[in-house]
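Each chain is listed here by its residues.
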Amino acid sequence: MPLMRFLITAGPTREAIDPVRYLTNHSSGKMGYCLAEAAVHEGHSVLLISGPTSLDIPHGVDFLPVECAQEMYDAVKNQAPYADAAILSAAVADYRPVSVPDRKIKKTGERMILELERTADILGSMRAEFGFSGILVGFAAETHDVENYARGKLERKRCDMIVANDVSRSDIGFNSSENEVLLVYPDRTEFLEKAPKAQIALQIIERASRLAQGKAP
Ligand code: CTP
Ligand code: CA
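So, here's what we can say about the structure.

Criteria and thresholds
- Every chain is numbered independently, its residues counted from 1 as its sequence is written.
- To label them, take the chains in the order written and letter them from A, then take the ligands in the order written and number them from 1.
- Per-residue local features of the predicted model are confined to residues with pLDDT of at least 70, and side-chain atom pairs are confined, for both listing and counting, to 80 or more; whole-chain, interface and lining totals are unaffected and use all residues.
- To obtain the side-chain values, all non-hydrogen atoms of the structure were included, while hydrogens and water were left out.
- Coordinating donors are taken as N, O and S atoms within 2.8 Å of the metal, stretched to 3.2 Å for Na, K and Ca; because water is absent from the atoms, sites can appear incomplete.
- Starting at the N terminus, helices and strands are each numbered in turn, a helix being any DSSP run of H or I of at least four residues and a strand any DSSP run of E of at least two.
- Residues are treated as being in contact if the distance between any of their heavy atoms lies within 4.5 Å.
- What qualifies as a polar contact is a pair of N or O atoms within 3.5 Å, subject to a donor-acceptor requirement within protein and to the restriction that residues adjacent in sequence count only when both atoms come from side chains.
- To qualify as a nonpolar core, a set must consist of buried Ala, Val, Leu, Ile, Met, Phe, Trp, Tyr and Cys residues joined through side-chain atoms within 4.5 Å.
- The buried label applies to any residue whose accessible area, calculated with a 1.4 Å probe on protein chains only, is under 20% of its type's maximum; exposed applies above 50%, and partly exposed to all values in between.
- When DSSP finds two or more bridges between a pair of strands, those strands are recorded as paired.
- Every axis in this analysis is a line fitted to C-alpha atoms, fitted for helices over the stretch in contact. Angles between the N-to-C directions lie between 0 and 180 degrees.
- Directions are taken from the helix axis to each C-beta atom, and the arc is the one they span.
- The rule for a salt bridge is simple: a side-chain nitrogen of Lys or Arg has to be within 4 Å of a carboxyl oxygen of Asp or Glu.
- A single heavy atom is enough: if one lies within 4 Å of a molecule or strand, its residue is considered near that molecule or strand.
- Here the Shrake-Rupley method, with its probe set to 1.4 Å, supplies the accessible areas, and only the displayed protein chains count as covering residues.

Turning our eyes to something else, we now look at the coordination of the calcium ion (ligand 2). Taken together, Asp 94 (OD) and Asp 94 (OD) make up the full set of protein donors to the calcium ion (ligand 2), lying 2.4 to 2.6 Å away. Looking at the secondary structure, you find Asp 94 in the loop between β6 (85-88) and β7 (95-97).

The next subject is the environment of Thr 24. You can see Thr 24 is positioned in the loop between β3 (21-23) and α1 (30-41). The spatial distance from the C-alpha of Thr 24 to the C-alpha of Tyr 82 is 29 Å, given a sequence separation of 58 residues. Excluding residues within four positions of it along the chain, Thr 24 makes contact with Pro 12, Thr 13 and Arg 14. Of the polar contacts made by the side chain of Thr 24, one reaches the backbone oxygen of Thr 13; its length is 2.9 Å.

Counting 32 residues, the largest nonpolar core has Phe 6, Ile 8, Leu 35, Ile 87, Val 163, Leu 183 and Ile 204 as its most contacted members. Broken down by element, this core gets its largest block of residues, seven residues, from α1. In contact with Leu 35, not counting residues within four places along its chain, are Ile 8, Ile 87, Ser 89, Phe 139, Ala 201, Ile 204 and Ile 205. Formed by 28 residues, the second largest nonpolar core is a distinct cluster that contains Val 66, Ala 83, Leu 123 and Phe 132.

Let us look at the sheet that holds strand β11 (residues 178-184). If you trace the eight strands from one edge of the open sheet to the other, you get β5-β4-β1-β6-β9-β10-β11-β12, paired in mixed fashion. Whereas interior strands pair on both sides, the edge strands pair on one side only; in this sheet they are β5 (62-65) and β12 (189-196). Neighbour-to-neighbour, the strand axes of this sheet turn through a mean angle of 20°, independent of strand direction. Direction of pairing for strand β9 (residues 135-142) relative to strand β10 (residues 161-166): parallel, over a ladder of six bridges. Within the sheet, the bridge partner assigned to Glu 142 lies in β10 and is Asp 166. Across the sheet, helix α5 (residues 197-215) is in contact with β1 (5-10), β6, β9, β10, β11 and β12; its angle to β12 comes to roughly 150°.

Turning next to helix α4 (residues 146-156). Turning to α4, its buried residues number three or more, namely Val 146, Ala 150, Arg 151, Lys 153 and Leu 154. Taken end-on, α4 shows its buried residues confined to a sector of 160°, consistent with a single buried face. Exposed side chains of α4 directed beyond 90 degrees from the buried face belong to Asn 148, Glu 155 and Arg 156. At its buried positions, α4 is contacted by β9, β10, β11 and β12.

Moving on: the pattern of salt bridges. Evaluated as defined, the whole model comprises 14 salt bridges. Salt bridges sharing partners connect three or more residues here, namely Arg 169, Asp 171, Glu 178, Glu 180 and Lys 194.

Turning our eyes to something else, we now look at the site of ligand 1. Around ligand 1 sit 16 residues, and of these Leu 88, Ala 90, Phe 139, Lys 153 and Lys 157 come closest. In this structure, Asp 121 approaches ligand 1 through a side-chain N or O atom, which is 3.5 Å from a nitrogen atom. Considering ligand 1 on its own, with 570 Å² of exposed area, one finds that the protein chains cover 77% of that surface. Those elements that provide at least two residues to the shell around ligand 1 are α3 (122-125) and β9. It is β9 that contributes the most residues to the shell around ligand 1, four residues altogether.

Structure, rendered in structure tokens:
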């Protein structure tokens, strides 16, 4: 198999509310870091763009740490031209606070309203905005109708493959060391049975390299 340059995003993002608080999610980053390790193991070169996690940086990867969705967007936009394949596994915040005061927000009444605005969709920008023509793999975290929602994301974001997770299950996915996923392609769906994330990662990297071979001129 030809060696490739992978761009991989991982982890959660943090969206500041004020200087001491932020919005985030339960992503541990494990799946993305396993993907980076698996790609290096297969001899590929890897740029890992990661939100804040407690994981060690895998050996042999180029590492670009980011905090919020906008930083991840800018990093991916700058780096996408150098990648043959992009696997966007980060759990990017969909909304961020509209304004972030310089000073800590003091509590006042019994309730408070936090106004949020949409963040840019990084995966959804790859084809249309960044002109990325390599292999594009996205993730879908769903609690129900997993395959249908994943297929919708595959088409809307013009991906070659979506890795779909059922996040309603506590034994796999978010924060767990095992996963069981559906790989949704434009013309079919493949089931990867429950296995350690490192093993799932190797299978995803293998599928991505095979897709690249199919696409090669
Ligand atoms: N994603 C992204 N940028 C965002 C939001 C999501 O790049 N601002 C990417 C994720 O990294 C993942 C894919 O889009 O690869 C799907 O993420 P998911 O949260 O499942 O889908 P959304 O399109 O955000 O839809 P929703 O959360 O409403 O289900
Ligand atoms: Ca989302």
